[in-house]
Amino acid sequence: MSDDEQHVAMQLILAAGDVKKMAFAGIELAKEGQISAAQVKFADAEKRLGEGHRLQSTYVSAHVDADEGPSLLMVHAQDHLSMALTTVELGRELVSVYAQLNRLKQ
């Protein structure tokens, strides 16, 4: 595995970790009734997720003709990014549920 591939993989893992942290912070804010603040957290998470996707796309485009496949570390990194996307999608749904609960309480 090249140093470049290792660097990209670690950047993907870091981006995914940031995204998941922001999403869970957004869920917690929604649970506390701070729906607008939660939505801001999710907007930030999606921005960071986009950065990870652009990095991944650039890497894949540059290596599309490579004879060897991606390393185990790169596959692992892409899995982290995929799980971050799932966390954001499900988190947004939870924020919506908390918003509905808040409306019903009022």
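Every value quoted in this text rests on a predicted model; they were computed, and no experiment measured them.

1. Thoughts on the overall build of the protein chain
Here comes step 1: Helix and strand content of the protein chain: three helices and zero strands.
Here comes step 2: Starting at the N terminus, the α and β elements of the protein chain follow one another as α-α-α.
Here comes step 3: Computed over the C-alpha atoms, the radius of gyration of the protein chain is 17 Å, more than 25% above the 13 Å expected from 2.2 N^0.38 for a compact globule of 106 residues.
Here comes step 4: Split into buried and exposed, the 106 residues of the protein chain put 33% on the buried side.
Here comes step 5: Residue pairs in contact within the protein chain that sit at least 24 positions apart in sequence constitute 81% of those at least 6 positions apart.
Here comes step 6: Accessible surface, the protein chain as shown: approximately 6700 Å² in total, 56% of it carbon and sulfur.
Here comes step 7: Both charge centroids of the protein chain, one from 10 positive and one from 15 negative side chains, sit 15 Å from each other.

2. Quick word on the pattern of salt bridges
Oppositely charged side chains are able to pair whenever their charged atoms sit close together.
Here comes step 1: Enumeration over the complete set of coordinates arrives at four salt bridges.
Here comes step 2: Among the salt bridges present, the one from R48 reaches D18, with a minimum N-O distance of 2.9 Å. Here the residue R48 occupies a position in helix α2 (residues 35-62), and D18 occupies one in helix α1 (residues 3-31), the gap between them amounting to 30 residues.
Here comes step 3: The partner of R92 in a salt bridge is E46, and the shortest N-O contact between them spans 3.0 Å. Within this pair, whereas R92 is found in helix α3 (residues 72-105), its partner E46 is found in helix α2, the two being separated by 46 residues in sequence.
Here comes step 4: Assessed through its relative accessible area of 31%, R92 is described here as partly exposed.
Here comes step 5: With a relative accessible area of 38%, E46 lands in the partly exposed category.
Here comes step 6: By sharing partners, the salt bridges in this structure join D18, R48 and E51 into a single network.

3. Here's the deal with the packing of α1 against α2
Here comes step 1: Running from N to C, α1 and α2 cross one another at 165°; their axes reach a closest spacing of 8 Å. As far as their axial angle goes, α2 and α1 are roughly antiparallel. Every pair of crossing elements has a handedness; the one defined by α1 and α2 is left-handed.
Here comes step 2: Looking at the contact of α1 with α2, its residues break down into 19 nonpolar, four polar and five charged.

4. Quick word on the side chain of R48
Here comes step 1: Of note is the side chain of R48, whose polar atom sits 3.0 Å from the side chain of E51.
Here comes step 2: Among all residues touching R48, those that are not within four sequence positions of it are L14, A15, D18, V19 and M22.

The rules behind the values
Residues numbered from 1 in each chain as written. Predicted model: local features only at pLDDT ≥ 70, side-chain atom pairs only at ≥ 80, totals over all residues. Heavy atoms only, no water. Helix = DSSP H or I, 4+ residues; strand = E, 2+ residues; numbered from the N terminus. Rg over C-alpha atoms; globule rule 2.2 N^0.38 Å. Buried < 20%, exposed > 50% of the residue type's maximum accessible area, 1.4 Å probe, protein only. Contact = heavy atoms within 4.5 Å. Areas by Shrake-Rupley, 256 points an atom, 1.4 Å probe, with all protein chains shown as cover. Lys, Arg positive; Asp, Glu negative; His and termini not counted. Charge placed at Lys NZ, Arg CZ, Asp CG, Glu CD. Salt bridge = Lys/Arg side-chain N within 4 Å of Asp/Glu carboxyl O. Axes fitted to C-alpha atoms, helices over the stretch in contact; angles between N-to-C directions. Parallel < 35°, antiparallel > 145°, perpendicular 65-115°, else oblique. Left-handed = near helix turned anticlockwise from the far one by under 90°. Nonpolar A, V, L, I, M, F, W, Y, C, P; charged D, E, K, R; others polar. Polar contact = N/O pair within 3.5 Å; in protein donor to acceptor, adjacent residues only side chain to side chain.

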